[in-house]
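Structural characterization, general
Letter by letter, the chains look like this.
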Amino acid sequence: MSGPLRTYVTATLLIPGVAPAADSLRSWNSGPVKTAIVQFVRDVSTEGGPHYVPPPERIAVFRDDGTLCSELPFPAQVAYVLDRVKSLARKHPRWKSKEPFRSALARNPRSLAAAGTRGLLELMAAAHAGMTTGEFEAAVQQWLTKARNPRLHRLYSQSAFQPMIELLAHLHAYDFKVFVVSNGDAAFLRSWSEQAYGIPPERIIGGQIKTKLVLRKGEQLLVRLNSFEVPEGKLMSPGTIYRTIGRKPIAAFGNSDDDLDVLQWVASGPNRSLALIVHHTDSGNEFAYDRSATFGRLDKALAVAKKQGWLVADMTKDWSNVFPKSSR
């Protein structure tokens, strides 16, 4: 992220209570979805109103890949670990015949998608064992300066959706606390979440690579181990989110069937809430996919959304542009 967009995000997202611009959702087309978002935020932040929610309870949770940024042909974290595994393959000949490393070396999207969160974390743990947390963060930052989505021809670090960046800023301006769920190693997203989304690392929920405290040259350092933890086997889950935040969010944003449990949980109950699904329909500017997708399959959740009256943001109809026009 660079230029005017980064200045805008920094000015609005990082300063709670900043009054939003006259139309802070400029990349959202006028229509029912935009109107509902604006009305919801106004309702829960109007003191004395029937749906008022105190600031500490104004919590929103977002899925990262596919909701805030592109996830095809591979999510950014998957693309990173594929490059990392490839660079280390000569030192680990057994990887050629062991899953999920074999699929990573073959860059097989279906097998990698089937491996899920556990497969991704296994790759991340094995490919970075022995690195300090600082070394890992530096490696990710270095990769992000050059790595591009092969189909969008855009840096992964600049593949966040402009309308969603504006939505994050809008929520923060009304004293929402926003959390983002990564479907892999939380440390990967934490190393650049502030730059890409204006979300500090402590508000990233994800899998945990185990670490060990060691003394090196008189300095205490955390070293990553070849071991990981996945709470409840799924990261975008009510249990994982509640255990991390300690509160039930009042707004949830996703884009796939993997997000259905959280969307249903947040939308249930008598209190005012908002559930929104990003529907990828723009094959010209990004991708069009749903029920037959390898990553980000959207089938059951789309049907439930229509039945329950949740918001479905159609990228073609509801967004005037997908990415920041000034970044590539």
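Residues numbered from 1 in each chain as written. Predicted model: local features only at pLDDT ≥ 70, side-chain atom pairs only at ≥ 80, totals over all residues. Heavy atoms only, no water.

Side chains that differ in charge, positive against negative, can pair when their charged atoms come close. Summed over the entire model, instances satisfying the criterion amount to nine salt bridges. Among the ionic pairs, Arg-291 bridges to Asp-299, the shortest N-O distance being 2.9 Å. Accessibility expressed as a relative area gives 39% for Arg-291, which makes it partly exposed. Note that Arg-297 and Asp-299 form a salt bridge whose closest N and O atoms lie 3.2 Å from each other. Look at Arg-297 and you get partly exposed, because its relative accessible area is 40%. Owing to a relative accessible area of 24%, Asp-299 belongs among the partly exposed residues under this scheme. (Salt bridge = Lys/Arg side-chain N within 4 Å of Asp/Glu carboxyl O. Buried < 20%, exposed > 50% of the residue type's maximum accessible area, 1.4 Å probe, protein only.)

So, on to the side chain of Ser-103. Relative to the helices and strands, Ser-103 is located in helix α4 (residues 101–106). Leave out the neighbours within four places in its chain, and Ser-103 touches Asn-108, Ser-111 and Leu-112. (Helix = DSSP H or I, 4+ residues; strand = E, 2+ residues; numbered from the N terminus. Contact = heavy atoms within 4.5 Å.)

The subject of this paragraph is the packing of aromatic side chains. Counted under the stated rule, the structure contains 14 aromatic pairs. Taking 6.0 Å as the distance between ring centres and 70° as the angle between the ring planes, the aromatic pair formed by Phe-74 and Phe-295 counts as edge-to-face. Highlighted residues: Phe-74 in the loop between β1 (59–63) and α3 (76–88) and Phe-295 in the loop between β8 (274–279) and α12 (300–308), separated in sequence by 221 residues. Each member of the pair, Phe-74 as well as Phe-295, carries the same accessibility label: buried. Grouped by ring-pair contacts, the aromatic residues Tyr-80, Phe-136, Trp-143, Tyr-156, Phe-188, Trp-192 and Tyr-197 constitute a single cluster. Taking the ring centre of Phe-179 as reference, the NZ or CZ of Arg-203 above it sits at 6.0 Å. For Arg-224, the ring lying beneath its charged end belongs to Phe-136, and the centroid distance is 3.7 Å. (Phe/Tyr/Trp six-rings, centres within 6.5 Å; stacked < 30°, edge-to-face > 60°. Lys NZ or Arg CZ within 6 Å of the ring centre and 35° of its normal.)

Everything listed is a geometric property; what it means functionally is a separate question.
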